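# A structural walkthrough
The chain contents come next:
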Amino acid sequence: MSLDITALRQMLAQDSAALSQLKQLLTRERELLEQRKQEGLQEIIEQKAAVVDHLNNSSKIRNQILNTLGLAPNASGWDTFLQRNTATLPLRDDWKNLVGDFEECQKMNDVNGKMIARSQQTLNHLLNLLRGKVAAPSLYTAQGTQTQYTSSYTVAKA
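Every value quoted in this text rests on a predicted model; they were computed, and no experiment measured them.

Each pocket or cavity is described by its volume, and for the largest pocket that value is around 510 Å³. Lining the largest pocket are 23 residues, with L19, L55, S59, R62 and F102 sitting closest to its centre. Breaking the lining of the largest pocket down by element, the ones donating at least two residues are α1 (5–34), α2 (41–69), α3 (75–84) and α4 (92–131). For the lining of the largest pocket, the element with the most residues is α2, which contributes eight residues. Of the residues belonging to the lining of the largest pocket, the class tally is 14 nonpolar, six polar and three charged. As a volume, the second largest pocket reaches approximately 300 Å³. Where the lining of the second largest pocket is concerned, the elements lending two or more residues are α1, α2 and α4. The greatest single-element share of the lining of the second largest pocket, amounting to six residues, is contributed by α4. Taken together, the residues of the lining of the second largest pocket break down into seven nonpolar, four polar and three charged.

Written out as structure tokens, the structure reads:
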């Protein structure tokens, strides 16, 4: 299999640019969530989807290369691929930076997801208050699942 080092370098550069754009989008999304502004969130979601689609396509290409070479289709397989050839060895630092950027984006996305979940909880609580519903306390069953318990136990009788 002939290696096109220029194409590999270009793919890593494009992925790095995509992750940089994703970081900016996640930062902007967090700012909007902190300010509780809904305007602009839909546009950010659409842009994030396009960037993630690009990254998925690059991942598929990398997996095809790794499968062809009989390597594991994961990050360590790609690292092994880059170490095998002296021509690809200089790309290893770019790859490590890319993996670090990806992990940072995952953490940022987790934070945004938690903010969204907390906002949904708050909104549901406020809507229930407006409707006159008092939420039943949440308890855990012996299996560890969450349940809404509506009756109560009396601690003492008069």
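So, on to the packing of α1 against α2. It is at 10 Å that the axes of α1 and α2 come closest, and there the two elements cross at 155°. The orientation of α1 with respect to α2, classified from their angle, is roughly antiparallel. Here the hand of the crossing between α1 and α2 comes out left-handed. Residues of the contact of α1 with α2, tallied by class, amount to 15 nonpolar, five polar and five charged.

A word on the nonpolar core. One finds L8, L22, W78 and F81 to be the most contacted residues of the largest nonpolar core, which totals 27 residues. Listed by contribution, the elements that provide at least two residues to this core are α1, α2, α3 and α4. Of all the elements, α1 adds the most residues to this core, at 11 residues.

Glancing now at the packing of aromatic side chains. Counted under the stated rule, the structure contains two aromatic pairs. Taking 4.8 Å as the distance between ring centres and 45° as the angle between the ring planes, the aromatic pair formed by W78 and F81 counts as tilted. One end of the pair is W78 and the other is F81, both in helix α3 and three residues apart, which spans about a single turn. For the pair formed by W78 and F81, the shared burial category is buried. Between W78 and W95, the aromatic rings sit 5.9 Å apart at their centres with planes inclined by 55°, giving tilted as the arrangement. Highlighted residues: W78 in helix α3 and W95 in helix α4, separated in sequence by 17 residues.

Rules behind the numbers
Residues numbered from 1 in each chain as written. Predicted model: local features only at pLDDT ≥ 70, side-chain atom pairs only at ≥ 80, totals over all residues. Heavy atoms only, no water. 1 Å grid on protein atoms, 1.4 Å probe; cavity = no way out; pocket = protein on both sides within 12 Å on 5 of 7 lines; lining within 4 Å. Points joined across faces, edges and corners; volume = space filled by probe spheres on them. Helix = DSSP H or I, 4+ residues; strand = E, 2+ residues; numbered from the N terminus. Nonpolar A, V, L, I, M, F, W, Y, C, P; charged D, E, K, R; others polar. Axes fitted to C-alpha atoms, helices over the stretch in contact; angles between N-to-C directions. Parallel < 35°, antiparallel > 145°, perpendicular 65-115°, else oblique. Left-handed = near helix turned anticlockwise from the far one by under 90°. Core = buried A, V, L, I, M, F, W, Y, C linked by side-chain atoms within 4.5 Å. Buried < 20%, exposed > 50% of the residue type's maximum accessible area, 1.4 Å probe, protein only. Phe/Tyr/Trp six-rings, centres within 6.5 Å; stacked < 30°, edge-to-face > 60°.

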